[in-house]
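Tertiary structure, described
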Amino acid sequence: MEQTKVEKKGNPLGYRPIGVLLGQFALPAIISMLVNSIYNIVDQIFIGQGIGYLGNAATTVSFPIMTILVAFGTLAGSGASAYAAIKLGEKKEDEANRTLNNALYFTAIIGVILMAAGLLVLEPLLRLFGATENIMPYAIDYTSIILIGTPFNLVSIALSNLARTDGNPRLSMYGILVGAILNTILDPIYIFVFHWGVAGAAVATITSQIISAVILFTYFVRPAKNNPQHMRLKLKGARLEPALIKSFLALGISSGITQSVACVMQVIMNNSLVYYGNQSPIGGDVALSAMGIVMKISMIMAAFGIGVGIGSQPIFGY
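Read on for a plain summary of the structure.

1. Comments concerning the environment of Gly149
Examined against the element boundaries, Gly149 turns out to sit in the loop between α6 (136–148) and α7 (150–165). Gly149 sits in the buried class, given a relative accessible area of 1%. Residues Gly149 and Ile282 lie 133 residues apart in sequence; the distance between their C-alpha atoms is 34 Å.

Here is the structure:
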């Protein structure tokens, strides 16, 4: 009886019915995906009104780079989340905590490396991804700022996944909601008031990523009152453990590959749009801009399936 009481104060994955858990975990994930999709559409509206179709085309060209960043964040985040869920299910809370710490350090380090590498080869990358001479200045302004926020973006993705595993799917949703709302407020200010153009949209995006990362980080460093089974970051004495990182990356590799394949598809599509668009009265730049808007709208359709998948993963692992 005493053990049951302690369990019920801990991670809800250990005692709530699976049907209830799926609703509690999947619904916040679906809401997060929908809000993120709607924000992206609003972002395109502000860019289109403030900068024009070349601004929208610049975000389309930069999308493969953002997909690559998400692939690394998902690789570490979903892998660490699944591995930590397994360890929590096995009552190995210490190893789950070490997974949390290693996921944080790994994503922060990889984020810095990707940021530096991306900035060094930014222009050739953008050309490869379909940037034309007209789009290039806008794409460089936008993508260079997005890359600066890479460490925060990756940390936010990883900690968001681990918050669900820790039995707090609403926190993951709140982190995305706060970031999306802040982004929506800052976009028109930076674009129309400060006249920062497409760079303003990028600054708004990385600001929201930083806020989301801070919210999630604060949760994990805060003491877990009456819940000793919850995972917590232990920054003092924590170290990178290559074997542990290898274990959780093995679980996240499928998610990372899926995102990487999406990046390849986007690159092929962008170059096809430019090539065939230039052979029509519309032009390649307008074709790229239009497809960027369509892609953002299509994300709404995918939000439900992805949300259920994300919400169910910690339950399966546990």
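From this point on, the discussion continues.
2. Some thoughts on a nonpolar patch on the surface
Together, Ile181, Ile185, Ile189, Phe192, Val193, Phe194 and Trp196 line one region of the surface with nonpolar side chains, adding up to about 650 Å² of accessible area. With a relative accessible area of 31%, Ile189 lands in the partly exposed category.

3. So, the nonpolar core
Leu126, Ile135, Leu159, Leu162, Phe220 and Phe248 are the most contacted members of the largest nonpolar core, which totals 49 residues. Those elements that place two or more of their residues in this core are α3 (53–89), α4 (93–120), α5 (122–128), α6, α7, α9 (198–221), α10 (242–277) and α11 (284–317). Broken down by element, the residue count for this core peaks at twelve residues, all from α3. What Leu162 contacts, discounting residues up to four positions off in sequence, is Ala80, Ser81, Ala84, Leu100, Ala103, Phe220 and Met231. Judged by nonpolar contacts, the second largest core, of eleven residues, contains Ile47, Tyr142, Ile191 and Ala199.

4. Examining the packing of aromatic side chains
Counting across every chain of the model gives six aromatic pairs. With 4.8 Å between their ring centres and 25° between their planes, Tyr190 and Trp196 make a pair best called stacked. Residue class for Trp196 comes out partly exposed when judged on its relative accessible area of 43%. Aromatic rings pair up to connect Tyr190, Phe194 and Trp196 into one cluster. Cation over ring: Arg232 sits above Tyr219, and NZ or CZ is 4.5 Å from the ring centre. Sitting over the face of the ring of Phe63, Lys296 holds its NZ or CZ atom 4.6 Å from the ring centroid.

5. With respect to unusual backbone geometry
Positioned with a positive phi, Lys91 is a non-glycine residue whose angle comes to about 65°. For Lys91, the position within the fold is in the loop between α3 and α4. For Lys91, a relative accessible area of 43% puts it in the partly exposed group. The phi dihedral of His195 falls on the positive side, at around 60°, and the residue is not glycine. Looking at the element boundaries, His195 is found in the loop between α8 (169–193) and α9.

6. A few points about the packing of α3 against α7
Taken N-terminus to C-terminus, the directions of α3 and α7 make an angle of 25°; their axes are 8 Å apart at the nearest point. By the angle between their directions, the pair α3 and α7 is classed as roughly parallel. The element α3 and its partner α7 pack so that their crossing is right-handed. On the side of α3, the interface is formed by Leu69, Val70, Phe72, Gly73, Thr74, Gly77, Ser78, Ala80, Ser81, Ala84, Ala85 and Leu88, while α7 contributes Thr150, Asn153, Leu154, Ile157, Ala158, Asn161, Leu162 and Thr165. Partitioning the contact of α3 with α7 into residue classes produces eleven nonpolar, nine polar and no charged.

Criteria and cut-off values
Residues numbered from 1 in each chain as written. Predicted model: local features only at pLDDT ≥ 70, side-chain atom pairs only at ≥ 80, totals over all residues. Heavy atoms only, no water. Helix = DSSP H or I, 4+ residues; strand = E, 2+ residues; numbered from the N terminus. Buried < 20%, exposed > 50% of the residue type's maximum accessible area, 1.4 Å probe, protein only. Patch = residues over 30% accessible without salt bridge, like charges linked within 9 Å, V, L, I, M, F, W, Y side chains within 5 Å. Areas by Shrake-Rupley, 256 points an atom, 1.4 Å probe, with all protein chains shown as cover. Salt bridge = Lys/Arg side-chain N within 4 Å of Asp/Glu carboxyl O. Core = buried A, V, L, I, M, F, W, Y, C linked by side-chain atoms within 4.5 Å. Contact = heavy atoms within 4.5 Å. Phe/Tyr/Trp six-rings, centres within 6.5 Å; stacked < 30°, edge-to-face > 60°. Lys NZ or Arg CZ within 6 Å of the ring centre and 35° of its normal. Axes fitted to C-alpha atoms, helices over the stretch in contact; angles between N-to-C directions. Parallel < 35°, antiparallel > 145°, perpendicular 65-115°, else oblique. Left-handed = near helix turned anticlockwise from the far one by under 90°. Nonpolar A, V, L, I, M, F, W, Y, C, P; charged D, E, K, R; others polar.

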